[in-house]
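# Structure assessment
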Amino acid sequence: MSTSGSTPLGQKAGRILSGIQPTGNLHLGNYLGAIRNWVTLQQDYECLFCIVDMHAITVWQDPAELIRTTREVAAGMIAAGVSPVDNALFVQSHVPAHAQLAWVLNCVARIGWLNRMTQFKDKAGKNRENASVGLYVYPNLMAADILVYKATHVPVGEDQKQHLELARDIAQKFNIDFGKVVFPLPEPVIRGPGMRVMSLRDGLKKMSKSDESDYSRLNMTDDRDAIALKFQKAKSDPLPLPTTDAEMEGRPEAINLINIYAALTDKSHAEVLADISGLQFSAFKAKLTEVAVNVLGPINAETKRLMNDPAEIDRVLARGAEKANTIAAGVLKEVYDVVGFLPRA
Ligand code: AMP
Ligand code: TRP
């Protein structure tokens, strides 16, 4: 009989898997849009958080820099409150079952399905012939990340919804093709509104580590001076600050700064608008600096402290990989048996 390898879920509401790429510095968008959400979810779900270095190399990465950013993302997550003790926090390439399951899923997913993926089209751009094959099958590896743990829930941003739907399609086709329900269909946990942090230079563009202007984002490692300067320089508009939702209409930069303030203080729009009514943009930006420093300062300091001891980060990640591997190896074995791979004697 095959073994599922899954550990009992106990009192938890389900099993979560989420991934984050170790490409460049963590910024406020990653924190408010993803990591902070994970910190909340870890109370109710069994959580596996994966630093996806194998996804990162689908586009060129400098090897020494990849090592540094992998540790920095781990440190940033721990500093932000992701518990490496209660959850599995680990590096994708440390758990070989991801790549092994991805191969099987490459044979389940259809080329037509991948051709519809908008992220590939965006990332490959005009020079599609020159994109790596890895970039093309990126969504299959992401499906493997999720399915190799039989994860029931996957917190993702809006931009990853299509990939998650593909993971569900792959899981369903696998179950049907082999006549056995091996994989549960993973449910998206999409974050609520206000969690999309936009660039400080352009309220219509997402805050992103790939933006060439460092003034467009708040890095998790920025100190008070950098945070103050970036908010000072942040684009605003010539009108007074809005006092009602209606007055925010058509003012993406004002909306973004208000959303950031609301998220950092856990307040509603109405509360924020009441807080800032009558202020000039400059005074609002000074307030924003204070709340950002309050939230990010301690995380920033703890990240730096952890980065001073890379060997300890590596040990934490090794323990995470061990936990993850216990589940993943069992599910991979079940898959190999179902597919008809001759068990090794
Ligand atoms: P990435 O930095 O693109 O690898 O994304 C890592 C995680 O952070 C994903 O869950 C993204 O959806 C989230 N994320 C990245 N940028 C933003 C942003 N500007 N606003 C909200 N969430 C974001
Ligand atoms: N593709 C995701 C992103 O760019 C990262 C990711 C990789 C992921 N594997 C995952 C997210 C599995 C959720 C589940 O943000």
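Values in this document were obtained by computation on a predicted structure and should not be read as measured data.

## Here we look at the pairing of strand 4 (residues 153–156)
Going residue by residue along strand 4, you find His-153 and Pro-155 tucked away on one face and Val-154 and Val-156 tucked away on the opposite face as well. Of the pairings in the sheet, the one linking strand 4 to strand 5 (residues 187–190) comprises four bridges and is parallel in character. Looking at strand 5, one finds that Pro-155 is bridged to Val-189. On the question of chirality, the crossover connecting strand 4 to the parallel strand 5 by way of helix 9 (residues 161–177) is right-handed.

## Focus on the site of ligand 1
Neighbouring ligand 1 are 16 residues; Asn-30, Met-195, Val-197, Met-207 and Lys-209 lie closest to it. Within the backbone of Met-207, an N or O atom sits 2.8 Å from a nitrogen atom of ligand 1. One nitrogen or oxygen atom from the side chain of Lys-209 is found 2.9 Å from an oxygen atom belonging to ligand 1. The fraction of the free accessible surface of ligand 1 (480 Å²) that becomes covered by protein chains is 86%. Per element, the largest residue contribution to the shell around ligand 1 is four residues, and it comes from helix 1 (residues 28–41).

## With respect to the nonpolar core
If you look at soluble globular proteins, the nonpolar side chains tend to sit buried side by side. Membership of the largest hydrophobic core comes to 56 residues, with the highest contact counts inside it found for Leu-28, Ile-35, Met-77, Phe-231 and Phe-284. Tallying contributions element by element places helix 14 (residues 281–307) first for this core, with nine residues. Setting aside residues no more than four positions away along its own chain, Ile-35 makes contact with Ile-20, Leu-26, Asn-30, Met-77, Ala-80 and Val-82.

## Side note on the domain arrangement of the chain
For the chain, the domain assignment lists domain 1 (9–196 + 310–339) and domain 2 (221–305). Using C-alpha coordinates to define each centre, domain 1 is positioned 31 Å away from domain 2. Taken together, the contact between domain 1 and domain 2 spans 12 residues of the former and 12 residues of the latter. Together, the buried faces of domain 1 and domain 2 total about 930 Å²; carbon and sulfur atoms form 70% of this surface. Of all residues in domain 1, the largest losses of buried area upon contact with domain 2 belong to Leu-28, Tyr-31 and Ala-79, amounting jointly to 41% of the total for that side. Counting across the interface, domain 1 meets domain 2 through one salt bridge. A salt bridge links Arg-36 to Asp-266; its shortest N-O distance comes to 3.8 Å. Taken together, the connections running from domain 1 to domain 2 amount to one residue pair in polar contact (both at pLDDT 80 or more). Where the side of domain 1 that touches domain 2 is concerned, the elements lending two or more residues are helix 1 and helix 3 (63–80). Per-element tally for the side of domain 1 that touches domain 2: the top contributor is helix 3, with five residues.

Reading the values: the criteria
- Here the residue index of a chain counts from 1 through its sequence in written order.
- Each chain is given a letter, starting from A, and each ligand a number, starting from 1, according to the order in which they appear as written.
- Since the coordinates come from a predicted model, pLDDT governs what is reported: local features require at least 70, and pairs of side-chain atoms require 80 or more to be given and counted, while whole-chain, interface and lining totals use all residues.
- Water and hydrogen atoms were dropped before computing side-chain values, which therefore reflect all heavy atoms in the structure.
- For every residue, the accessible area (1.4 Å probe, protein chains only) is compared with the maximum for its type, and the residue is labelled buried under 20%, exposed over 50%, or partly exposed between those bounds.
- In DSSP terms, a helix is any run of H or I states spanning at least four residues, a strand is any run of E spanning at least two, and both are numbered starting from the N terminus.
- Think of it this way: DSSP has to see at least two bridges between two strands before they count as a pair.
- Convention used here: a crossover is right-handed provided that the path from the first strand, over the helix, to the second strand proceeds clockwise when the strands point away from the viewer.
- Near, as used in this document, describes a residue that has one of its heavy atoms within 4 Å of the molecule or strand being considered.
- In the analysis that follows, any N or O atom pair within 3.5 Å is treated as a polar contact, provided that within protein one partner can donate a hydrogen and the other can accept it, and provided that, for residues neighboring in sequence, both atoms belong to side chains.
- In short, Shrake-Rupley with a 1.4 Å probe defines the accessible areas, and a residue's cover is counted only from the protein chains shown.
- Within this scheme, the nonpolar core is defined by two criteria: the residues are buried Ala, Val, Leu, Ile, Met, Phe, Trp, Tyr or Cys, and they are joined through side-chain atoms within 4.5 Å.
- Pairs of residues are marked as contacts when any of their non-hydrogen atoms sit within 4.5 Å.
- Residue ranges assigned to the domains are those given by an automatic or database domain assignment.
- Two parts placed together each lose some accessible area; with a 1.4 Å probe, that loss summed over both constitutes the buried area.
- By salt bridge we mean one thing: a side-chain nitrogen of Lys or Arg within 4 Å of a carboxyl oxygen of Asp or Glu.

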